[in-house]
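Breakdown of the fold
Chain by chain, the residues:
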Amino acid sequence: MKDAIKWSDIVEGREEAFTMLYDLYSDLLYGYGMKIVPDEDVVMDAIQSLYMNIFEKRKHLSVPTSIAAYLCRSLKNILINELQSASVRNTRQLDETLKSDYDFDLELDAEGAMIAGENERERFDIFQAELGKLSHQQREMLYLRYYKGLEIGEIAEILAVSKRTVYNTTNNALTRLRENPVLARYFGEAALLYLLTIGKLYII
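Predicted model only: the values in this text are computed from it and were never measured. (Residues numbered from 1 in each chain as written. Predicted model: local features only at pLDDT ≥ 70, side-chain atom pairs only at ≥ 80, totals over all residues. Heavy atoms only, no water.)

1. Here's the deal with the overall build of the chain
Within the chain, the regular secondary structure consists of ten helices and zero strands. Ordered by position from the N terminus, the helices and strands of the chain form the series α-α-α-α-α-α-α-α-α-α. Taken over 204 residues, the chain has a buried fraction of 44%. Look at the contacts in the chain between residues 6 or more apart in sequence, and 67% of them connect residues 24 or more apart. Here the chain has roughly 11300 Å² of accessible surface; of this, 49% comes from carbon and sulfur atoms. (Helix = DSSP H or I, 4+ residues; strand = E, 2+ residues; numbered from the N terminus. Buried < 20%, exposed > 50% of the residue type's maximum accessible area, 1.4 Å probe, protein only. Contact = heavy atoms within 4.5 Å. Areas by Shrake-Rupley, 256 points an atom, 1.4 Å probe, with all protein chains shown as cover.)

Written out as structure tokens, the structure reads:
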């Protein structure tokens, strides 16, 4: 994702720069945050905290290589801290829905997909099932790479791993999806293109 904001404008505290920062990245952050913590109030509070922290500490922040990666990594840290704190407090607010770790569930919207016919529904259900068999890291990388359009280097920065790890893990996930006999039989080599298109339409 290409950055369209001058970080110097953020450091100088220009209102229009912060407005643009919110407008450009709020959807990315919301979607990503909800995959980590499936609680809208918690995610929205975390996003607000993130922007407040940036404003308050702006003069001491280093220039990020990628603003998108910096924001996602920072939001993730806030949410993980919230998960860990909630686990210690054992609060009712996050009880049942949250864990001390996150699962990164890629749940497709079957109702919104407006599936035509039983065959289409079968492939949709199989794709969902195959996504569920992937590791949470594989799902997270696929989400950031194909559903949110981040570059390999940005994903590596967010997850604090090497670019090679992102490349290998992503390829292993795609290979596993391609190996499903029903999906492979119907789609062949074009399977992933179709499936990822569905993902873009029906995954936040």
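So, next bit.
2. Quick notes on the packing of aromatic side chains
Tallied over the full model, the rule gives six aromatic pairs. Centre to centre, the rings of Trp7 and Tyr70 are 5.8 Å apart; their planes meet at 80°, and the pair counts as edge-to-face. Here Trp7 is found in helix α1 (residues 7-11), whereas its partner Tyr70 is found in helix α4 (residues 67-89), with 63 residues between them in sequence. The class for Tyr70 is buried, based on a relative accessible area of 14%. Both rings, one in Phe18 and one in Phe55, keep their centres 5.3 Å apart while their planes meet at 70°; by these two values the pair is edge-to-face. You can see Phe18 sitting in helix α2 (residues 15-36) and its partner Phe55 sitting in helix α3 (residues 40-57), a full 37 residues away along the chain. On the basis of relative accessibility, which here comes to 14%, the residue Phe18 falls in the buried class. (Phe/Tyr/Trp six-rings, centres within 6.5 Å; stacked < 30°, edge-to-face > 60°.)

3. Brief notes about the packing of helix α6 (residues 136-147) against helix α7 (residues 152-159)
The interhelical angle for the contact between α6 and α7, taken along N-to-C directions, is 140°, at an axis separation of 10 Å. Classified by the interaxial angle, the pair formed by α6 and α7 is oblique. For α6 against α7, the interelement crossing comes out right-handed. When α6 is examined against α7, the residues Glu140, Met141, Leu144 and Arg145 are found in contact with a partner set consisting of Ile152, Ile155, Ile158 and Leu159. Each residue belonging to the contact of α6 with α7 can be placed in one class, and the counts come to six nonpolar, no polar and two charged. (Axes fitted to C-alpha atoms, helices over the stretch in contact; angles between N-to-C directions. Parallel < 35°, antiparallel > 145°, perpendicular 65-115°, else oblique. Left-handed = near helix turned anticlockwise from the far one by under 90°. Nonpolar A, V, L, I, M, F, W, Y, C, P; charged D, E, K, R; others polar.)

4. Considerations on the environment of Leu142
Mapped onto the secondary structure, Leu142 falls in helix α6. The residues touching Leu142, leaving out its near neighbours within four places in the chain, are Leu131, Leu134, Tyr147, Thr170, Ala173, Leu174 and Leu177.

5. Comments concerning unusual backbone geometry
At Ala160, a residue that is not glycine, the phi angle is positive and equals roughly 60°. Examined against the element boundaries, Ala160 turns out to sit in the loop between α7 and α8 (163-178). Residue classification places Ala160 among the exposed residues on the basis of a relative accessible area of 68%.

6. A look at α2
Here α2 contains 22 residues, and its C-alpha end-to-end distance of 29 Å stays within 8% of the 32 Å for a straight helix at 1.5 Å per residue. Remark: the principal bend of α2, roughly 50°, maps to Tyr25. Taken residue by residue, α2 has Ala17, Phe18, Leu21, Tyr25, Ser26, Leu28, Leu29, Gly31, Tyr32, Gly33, Lys35 and Ile36 as its buried positions. (Expected span 1.5 Å × (residues − 1). Bend = angle between axes of the 7 residues up to and from the residue.)

7. Overview of the side chain of Arg139
Tracing the backbone through its elements, the reader meets Arg139 in helix α6. A relative accessible area of 5% places Arg139 in the buried class. For Arg139, the side chain forms a polar contact with the main-chain oxygen of Gly132, separated by 3.3 Å. Those residues in contact with Arg139 that lie beyond four places of it in its chain are Asp103, Phe104, Asp105, Leu106, Leu131, Gly132 and Leu134. (Polar contact = N/O pair within 3.5 Å; in protein donor to acceptor, adjacent residues only side chain to side chain.)

8. Some thoughts on the pattern of salt bridges
On inspection of all chains with the given rule, the structure shows six salt bridges. Here Lys76 and Glu140 are joined by a salt bridge, their closest N and O atoms 3.1 Å apart. Placement of Lys76 in helix α4 and of Glu140 in helix α6 is noted, with a sequence separation of 64 residues between them. Of the two residues examined, Lys76 and Glu140, each falls in the buried class. Two residues, Lys133 and Glu130, come together in a salt bridge whose shortest N-O distance is 3.1 Å. With Lys133 and Glu130 both in helix α5 (residues 117-133) and three residues apart, the pair spans about one turn of that helix. Taking the relative accessible area as the measure of exposure, Glu130 reaches 8% and is therefore buried. One continuous salt-bridge network, built from bridges that share partners, spans Asp9, Glu12 and Arg14. (Salt bridge = Lys/Arg side-chain N within 4 Å of Asp/Glu carboxyl O.)

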